[in-house]
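Chain and residue survey
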Amino acid sequence: MRPGDTAAKAAWMGNPQGGVSAPAAVILPNPATRFRRTADRLDALAAGHPMGEWLAFLSQLSLAQHAAAGSFAPAGANAADIAKADGAGLPPLAADGYPRAPVWRQGLEILLDHVARRSALPDRAAAVIASLRDRAAPEALADDFLRGAVAPEDAGRAMFIAAALQVYFTHLAGGLDVAQVPLLPERGLCPCCGSPPVAGMVTASGSTPGVRYLSCSLCSTAWNHVRAVCITCGRSGRLSLKSIEGTNGAAKAETCDDCHTYAKMFYLGQDPDLDPYADDLASLGLDLMVAAAGWSRHAPNPLLLAR
Ligand SMILES: [Zn+2]
Ligand SMILES: [Zn+2]
(Lines give C-alpha, C1' and ligand atoms only; values in the text may rest on other atoms or scores of the structure.)
(Ligands and ions follow the chains in the order given, each with its own letter.)
Protein backbone atom coordinates (compact mmCIF):
# COMPACT_ATOMS: atom_id res chain seq x y z
CA MET A 1 0.00 0.00 0.00
CA ARG A 2 1.42 3.36 -0.98
CA PRO A 3 -0.10 6.79 -0.46
CA GLY A 4 -0.67 8.49 -3.76
CA ASP A 5 -1.23 5.37 -5.85
CA THR A 6 -4.85 6.38 -6.23
CA ALA A 7 -5.43 9.48 -4.12
CA ALA A 8 -2.88 11.18 -1.93
CA LYS A 9 -5.03 11.00 1.17
CA ALA A 10 -6.34 7.47 0.70
CA ALA A 11 -3.74 5.78 2.84
CA TRP A 12 -4.21 8.19 5.72
CA MET A 13 -7.98 8.33 5.66
CA GLY A 14 -8.67 4.65 5.05
CA ASN A 15 -11.41 3.40 2.78
CA PRO A 16 -14.57 5.40 3.47
CA GLN A 17 -16.70 2.49 2.25
CA GLY A 18 -15.08 -0.04 4.51
CA GLY A 19 -15.55 -0.65 8.22
CA VAL A 20 -12.95 -0.09 10.90
CA SER A 21 -10.00 -2.42 10.33
CA ALA A 22 -6.49 -3.00 11.60
CA PRO A 23 -4.17 -0.19 10.54
CA ALA A 24 -1.34 -0.92 8.10
CA ALA A 25 1.87 -1.16 10.15
CA VAL A 26 4.03 0.40 7.43
CA ILE A 27 3.12 2.68 4.50
CA LEU A 28 5.86 3.00 1.90
CA PRO A 29 6.26 6.35 0.14
CA ASN A 30 5.28 7.15 -3.42
CA PRO A 31 8.29 9.08 -4.79
CA ALA A 32 6.13 10.43 -7.66
CA THR A 33 3.91 12.43 -5.29
CA ARG A 34 5.75 12.85 -1.98
CA PHE A 35 7.72 16.05 -2.75
CA ARG A 36 5.11 17.66 -4.99
CA ARG A 37 2.58 17.36 -2.20
CA THR A 38 4.95 19.01 0.29
CA ALA A 39 5.74 21.80 -2.20
CA ASP A 40 2.03 22.53 -2.75
CA ARG A 41 1.31 22.54 0.97
CA LEU A 42 4.27 24.84 1.72
CA ASP A 43 3.02 27.17 -0.98
CA ALA A 44 -0.42 27.28 0.61
CA LEU A 45 1.02 27.80 4.10
CA ALA A 46 3.37 30.59 2.96
CA ALA A 47 0.50 32.97 2.16
CA GLY A 48 0.12 35.41 5.05
CA HIS A 49 2.61 33.48 7.24
CA PRO A 50 5.12 35.54 9.27
CA MET A 51 7.86 33.36 7.74
CA GLY A 52 6.19 33.29 4.33
CA GLU A 53 9.28 34.12 2.30
CA TRP A 54 11.27 31.31 3.89
CA LEU A 55 8.39 28.83 3.40
CA ALA A 56 8.14 29.88 -0.25
CA PHE A 57 11.86 29.13 -0.66
CA LEU A 58 11.35 25.70 0.95
CA SER A 59 8.43 25.13 -1.43
CA GLN A 60 10.84 25.76 -4.31
CA LEU A 61 13.30 23.33 -2.72
CA SER A 62 10.54 20.67 -2.52
CA LEU A 63 9.67 21.29 -6.17
CA ALA A 64 13.35 20.78 -7.01
CA GLN A 65 13.25 17.52 -5.03
CA HIS A 66 10.21 16.52 -7.08
CA ALA A 67 12.15 17.13 -10.30
CA ALA A 68 15.11 15.13 -8.97
CA ALA A 69 12.83 12.24 -7.92
CA GLY A 70 11.36 12.19 -11.42
CA SER A 71 14.82 11.72 -12.93
CA PHE A 72 15.26 8.30 -11.32
CA ALA A 73 13.97 5.10 -12.87
CA PRO A 74 10.45 4.23 -11.61
CA ALA A 75 10.36 2.85 -8.08
CA GLY A 76 10.51 -0.92 -8.12
CA ALA A 77 12.57 -1.15 -11.30
CA ASN A 78 15.72 -0.84 -9.24
CA ALA A 79 14.60 -3.20 -6.49
CA ALA A 80 17.37 -5.63 -7.38
CA ASP A 81 19.90 -2.87 -6.68
CA ILE A 82 18.69 -2.34 -3.15
CA ALA A 83 21.39 -3.68 -0.88
CA LYS A 84 20.03 -6.03 1.73
CA ALA A 85 21.20 -5.45 5.27
CA ASP A 86 23.08 -8.53 6.47
CA GLY A 87 22.46 -8.32 10.18
CA ALA A 88 19.19 -9.62 11.61
CA GLY A 89 17.01 -6.82 12.96
CA LEU A 90 18.62 -4.12 10.81
CA PRO A 91 16.29 -2.12 8.59
CA PRO A 92 16.72 -2.86 4.84
CA LEU A 93 18.03 0.63 4.01
CA ALA A 94 20.00 1.24 7.25
CA ALA A 95 21.02 4.83 6.50
CA ASP A 96 24.32 4.95 8.36
CA GLY A 97 26.69 3.02 6.11
CA TYR A 98 24.24 2.28 3.29
CA PRO A 99 26.27 1.85 0.06
CA ARG A 100 24.94 4.83 -1.89
CA ALA A 101 24.88 4.48 -5.66
CA PRO A 102 26.41 7.45 -7.56
CA VAL A 103 22.93 8.21 -8.94
CA TRP A 104 22.13 10.12 -5.73
CA ARG A 105 24.54 12.84 -6.87
CA GLN A 106 22.70 13.07 -10.18
CA GLY A 107 19.62 13.90 -8.10
CA LEU A 108 21.66 16.50 -6.20
CA GLU A 109 22.76 18.16 -9.47
CA ILE A 110 19.18 18.39 -10.73
CA LEU A 111 18.10 19.79 -7.40
CA LEU A 112 20.84 22.44 -7.38
CA ASP A 113 20.04 23.38 -10.99
CA HIS A 114 16.38 23.89 -10.16
CA VAL A 115 17.03 25.95 -7.04
CA ALA A 116 19.61 28.10 -8.84
CA ARG A 117 17.23 28.69 -11.77
CA ARG A 118 14.01 29.35 -9.90
CA SER A 119 15.04 31.32 -6.84
CA ALA A 120 16.53 34.79 -6.54
CA LEU A 121 19.51 33.59 -4.55
CA PRO A 122 21.46 35.65 -2.05
CA ASP A 123 25.23 35.57 -2.78
CA ARG A 124 25.85 33.25 0.16
CA ALA A 125 23.39 30.64 -1.15
CA ALA A 126 24.90 30.89 -4.63
CA ALA A 127 28.35 30.22 -3.14
CA VAL A 128 26.98 27.23 -1.19
CA ILE A 129 25.52 25.76 -4.39
CA ALA A 130 28.76 26.35 -6.34
CA SER A 131 30.79 24.55 -3.67
CA LEU A 132 28.53 21.49 -3.96
CA ARG A 133 29.32 21.07 -7.66
CA ASP A 134 32.66 19.62 -6.63
CA ARG A 135 32.69 15.79 -6.81
CA ALA A 136 34.26 14.95 -3.46
CA ALA A 137 32.49 17.38 -1.13
CA PRO A 138 28.98 15.91 -1.43
CA GLU A 139 30.08 12.36 -0.51
CA ALA A 140 31.93 13.49 2.61
CA LEU A 141 29.03 15.74 3.61
CA ALA A 142 26.54 12.94 3.02
CA ASP A 143 28.53 10.63 5.30
CA ASP A 144 28.61 13.33 7.99
CA PHE A 145 24.89 13.96 7.65
CA LEU A 146 23.91 10.29 7.82
CA ARG A 147 26.06 9.84 10.93
CA GLY A 148 24.49 12.90 12.55
CA ALA A 149 27.84 14.68 12.61
CA VAL A 150 27.45 17.80 10.46
CA ALA A 151 30.00 20.47 11.45
CA PRO A 152 28.38 23.87 12.25
CA GLU A 153 30.19 25.55 9.34
CA ASP A 154 28.70 22.96 6.95
CA ALA A 155 25.08 23.49 8.05
CA GLY A 156 24.18 25.60 4.98
CA ARG A 157 25.49 23.01 2.55
CA ALA A 158 23.95 20.19 4.59
CA MET A 159 20.44 21.42 3.77
CA PHE A 160 20.96 20.60 0.08
CA ILE A 161 22.72 17.33 0.89
CA ALA A 162 19.83 16.35 3.18
CA ALA A 163 17.29 17.29 0.50
CA ALA A 164 19.11 15.15 -2.11
CA LEU A 165 19.43 12.20 0.28
CA GLN A 166 15.71 12.44 1.07
CA VAL A 167 15.03 12.05 -2.65
CA TYR A 168 17.42 9.10 -2.99
CA PHE A 169 16.23 7.20 0.08
CA THR A 170 12.56 7.91 -0.75
CA HIS A 171 13.24 6.42 -4.19
CA LEU A 172 14.79 3.33 -2.58
CA ALA A 173 11.99 2.94 -0.02
CA GLY A 174 9.39 3.24 -2.78
CA GLY A 175 10.98 0.17 -4.43
CA LEU A 176 10.73 -2.08 -1.36
CA ASP A 177 8.11 -4.76 -0.80
CA VAL A 178 6.13 -3.70 2.26
CA ALA A 179 5.79 -7.36 3.32
CA GLN A 180 9.58 -7.38 3.82
CA VAL A 181 9.58 -4.37 6.15
CA PRO A 182 8.60 -5.31 9.71
CA LEU A 183 8.47 -2.68 12.46
CA LEU A 184 11.71 -2.36 14.42
CA PRO A 185 11.85 -3.19 18.14
CA GLU A 186 12.78 0.51 18.52
CA ARG A 187 9.36 1.76 17.50
CA GLY A 188 10.46 5.38 17.34
CA LEU A 189 12.77 4.66 14.38
CA CYS A 190 11.91 4.12 10.71
CA PRO A 191 11.53 0.43 9.80
CA CYS A 192 13.06 1.09 6.34
CA CYS A 193 16.14 3.18 7.14
CA GLY A 194 16.41 3.51 10.92
CA SER A 195 16.10 7.32 10.94
CA PRO A 196 13.95 9.26 13.41
CA PRO A 197 10.63 10.70 12.24
CA VAL A 198 10.09 14.33 11.39
CA ALA A 199 6.69 14.32 13.14
CA GLY A 200 3.59 12.22 13.76
CA MET A 201 0.12 12.37 12.19
CA VAL A 202 -3.13 11.18 13.72
CA THR A 203 -5.76 9.99 11.24
CA ALA A 204 -9.30 11.28 11.46
CA SER A 205 -11.75 8.99 9.74
CA GLY A 206 -12.01 6.06 7.36
CA SER A 207 -11.29 2.46 8.24
CA THR A 208 -8.57 3.25 10.82
CA PRO A 209 -9.56 6.46 12.63
CA GLY A 210 -7.45 7.91 15.41
CA VAL A 211 -4.30 6.00 14.46
CA ARG A 212 -0.87 7.58 14.80
CA TYR A 213 1.71 7.33 12.02
CA LEU A 214 5.24 8.67 12.26
CA SER A 215 6.81 10.06 9.06
CA CYS A 216 10.46 9.27 8.35
CA SER A 217 12.75 12.30 8.12
CA LEU A 218 14.88 10.59 5.45
CA CYS A 219 13.01 7.99 3.35
CA SER A 220 9.41 9.28 3.80
CA THR A 221 8.08 5.92 5.03
CA ALA A 222 5.21 6.18 7.52
CA TRP A 223 4.81 3.65 10.31
CA ASN A 224 2.25 3.01 12.99
CA HIS A 225 3.16 4.00 16.55
CA VAL A 226 0.76 3.53 19.44
CA ARG A 227 -0.56 6.83 20.84
CA ALA A 228 0.05 8.14 24.36
CA VAL A 229 3.50 6.54 24.48
CA CYS A 230 6.61 8.71 24.21
CA ILE A 231 8.27 8.07 20.82
CA THR A 232 11.70 8.71 22.37
CA CYS A 233 11.75 6.78 25.67
CA GLY A 234 8.69 4.53 25.31
CA ARG A 235 7.19 5.62 28.65
CA SER A 236 3.69 7.01 29.01
CA GLY A 237 3.29 8.33 32.54
CA ARG A 238 4.26 11.96 32.11
CA LEU A 239 3.15 12.92 28.61
CA SER A 240 1.12 15.98 27.76
CA LEU A 241 -0.02 17.81 24.64
CA LYS A 242 0.60 21.50 24.09
CA SER A 243 -0.53 23.78 21.29
CA ILE A 244 -0.30 27.51 20.63
CA GLU A 245 -3.31 29.39 21.99
CA GLY A 246 -5.62 30.74 19.35
CA THR A 247 -4.73 28.09 16.74
CA ASN A 248 -7.05 25.30 15.61
CA GLY A 249 -4.98 22.71 17.51
CA ALA A 250 -3.98 20.78 14.39
CA ALA A 251 -0.32 21.04 15.49
CA LYS A 252 0.53 19.86 18.99
CA ALA A 253 3.77 19.17 20.82
CA GLU A 254 3.72 15.92 22.78
CA THR A 255 6.06 16.59 25.71
CA CYS A 256 7.52 13.87 27.94
CA ASP A 257 8.69 14.72 31.46
CA ASP A 258 10.42 11.34 31.79
CA CYS A 259 13.02 12.05 29.07
CA HIS A 260 12.42 15.83 28.67
CA THR A 261 11.90 15.61 24.91
CA TYR A 262 8.97 16.52 22.70
CA ALA A 263 7.78 15.56 19.24
CA LYS A 264 5.21 17.34 17.09
CA MET A 265 1.93 15.66 16.23
CA PHE A 266 -0.50 16.76 13.53
CA TYR A 267 -4.22 16.02 13.63
CA LEU A 268 -5.96 15.38 10.32
CA GLY A 269 -9.32 15.83 12.05
CA GLN A 270 -8.46 19.51 12.56
CA ASP A 271 -7.00 19.97 9.07
CA PRO A 272 -7.35 17.28 6.38
CA ASP A 273 -4.77 19.00 4.12
CA LEU A 274 -1.88 18.50 6.56
CA ASP A 275 1.46 17.30 5.26
CA PRO A 276 3.86 16.36 8.07
CA TYR A 277 6.94 17.64 6.20
CA ALA A 278 5.45 21.02 5.27
CA ASP A 279 3.53 21.53 8.49
CA ASP A 280 6.57 20.74 10.61
CA LEU A 281 8.48 23.57 8.91
CA ALA A 282 5.54 25.97 9.12
CA SER A 283 4.99 25.38 12.86
CA LEU A 284 8.42 26.50 14.04
CA GLY A 285 6.66 28.80 16.51
CA LEU A 286 5.47 25.75 18.42
CA ASP A 287 9.06 24.43 18.59
CA LEU A 288 10.26 27.77 19.95
CA MET A 289 7.51 27.84 22.58
CA VAL A 290 8.20 24.31 23.84
CA ALA A 291 11.98 24.70 23.67
CA ALA A 292 11.74 27.91 25.74
CA ALA A 293 9.87 25.89 28.37
CA GLY A 294 12.76 23.39 28.57
CA TRP A 295 11.97 20.41 26.35
CA SER A 296 14.37 19.26 23.61
CA ARG A 297 13.08 18.21 20.23
CA HIS A 298 13.27 14.40 19.71
CA ALA A 299 15.33 14.87 16.51
CA PRO A 300 15.99 17.82 14.17
CA ASN A 301 14.24 18.38 10.88
CA PRO A 302 17.03 17.56 8.37
CA LEU A 303 16.36 20.79 6.45
CA LEU A 304 16.78 22.89 9.58
CA LEU A 305 20.26 22.02 10.77
CA ALA A 306 21.33 25.60 9.98
CA ARG A 307 18.92 27.07 12.47
ZN1 LIG B 1 13.20 5.95 6.73
ZN1 LIG C 1 10.04 10.23 26.87
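Residues numbered from 1 in each chain as written. Chains lettered and ligands numbered in written order. Predicted model: local features only at pLDDT ≥ 70, side-chain atom pairs only at ≥ 80, totals over all residues.

Side note on the overall build of the protein chain
Keep this limit in mind: Runs of E in the DSSP output that reach at least two residues are strands. Runs of H or I that reach at least four are helices, and both are numbered from the N terminus. Contact criterion: two residues are in contact if their C-beta atoms, reconstructed from the backbone, are within 7 Å.
When helices and strands are counted, the protein chain shows nine helices and eight strands. By sequence separation, contacts in the protein chain at least 24 residues apart represent 66% of the contacts at least 6 residues apart.

Some points on the pairing of strand β6 (residues 251-256)
Quick note on the threshold: Using C-beta atoms placed from the backbone, we call a residue buried if 20 or more other C-beta atoms fall within 10 Å of its own, exposed if 12 or fewer do, and partly exposed for counts in between. Strand pairing follows a simple DSSP-based rule, namely that at least 2 bridges must link the two strands.
Within β6, six of the six residues are buried, leaving the element largely enclosed by the surrounding structure. Side chains of β6 alternate between two faces, with A251, A253 and T255 and K252, E254 and C256 buried alike. As judged from the four bridges shared by strand β5 (residues 239-242) and β6, these two strands associate in the antiparallel manner. When the sheet's bridge partners are listed, L241 is paired in β6 with E254. Pairing between β6 and strand β7 (residues 261-267): six bridges, direction antiparallel. For K252, the partnering residue across the bridge sits in β7 and is M265. Here β6 hands over to β7 after four residues, with H260 in that stretch at a positive phi of 60°.

A short note on helix α2 (residues 34-46)
One full turn of an α-helix is made of 3.6 residues, so residues set three or four places apart face in the same direction. Our working rule: A helix is expected to reach a length of 1.5 Å times the quantity of its residues less one.
Its 13 residues place the ends of α2 19 Å apart at the C-alpha level, agreeing with the 18 Å of an ideal helix rising 1.5 Å per residue. For α2, every residue scored as buried is listed here: R34, F35, R37, T38, A39, R41, L42 and L45.

Re the nonpolar core
Threshold: Working definition: the nonpolar core is a set of buried Ala, Val, Leu, Ile, Met, Phe, Trp, Tyr and Cys residues, joined through C-beta atoms within 7 Å. Just so you know, the domain bounds were taken from an automatic or database domain assignment.
Among the nonpolar cores identified, the biggest contains 82 residues, and L111, A164, L165, F169, C193 and C219 are the most heavily contacted of them. Element by element, the count of residues in this core is highest for helix α7 (residues 155-174), at 13 residues. Here this core spans two domains, since at least three of its residues come from each of domain 1 (32-180) and domain 2 (197-304). When neighbours within four sequence positions are excluded, A164 is seen to be in contact with A68, W104, G107, L108 and L111.

Quick look at unusual backbone geometry
One non-glycine residue, S220, adopts positive backbone phi at about 70°. Looking at the secondary structure, you find S220 in the loop between β3 (212-216) and β4 (222-224). Since 30 C-beta atoms lie within 10 Å of it, S220 is described here as buried. The backbone of A228 shows a phi angle near 60°, a positive value even though the residue is not glycine. Here A228 shows up in the loop between β4 and β5.

Purely geometric stuff here, so don't read any function into it on its own.
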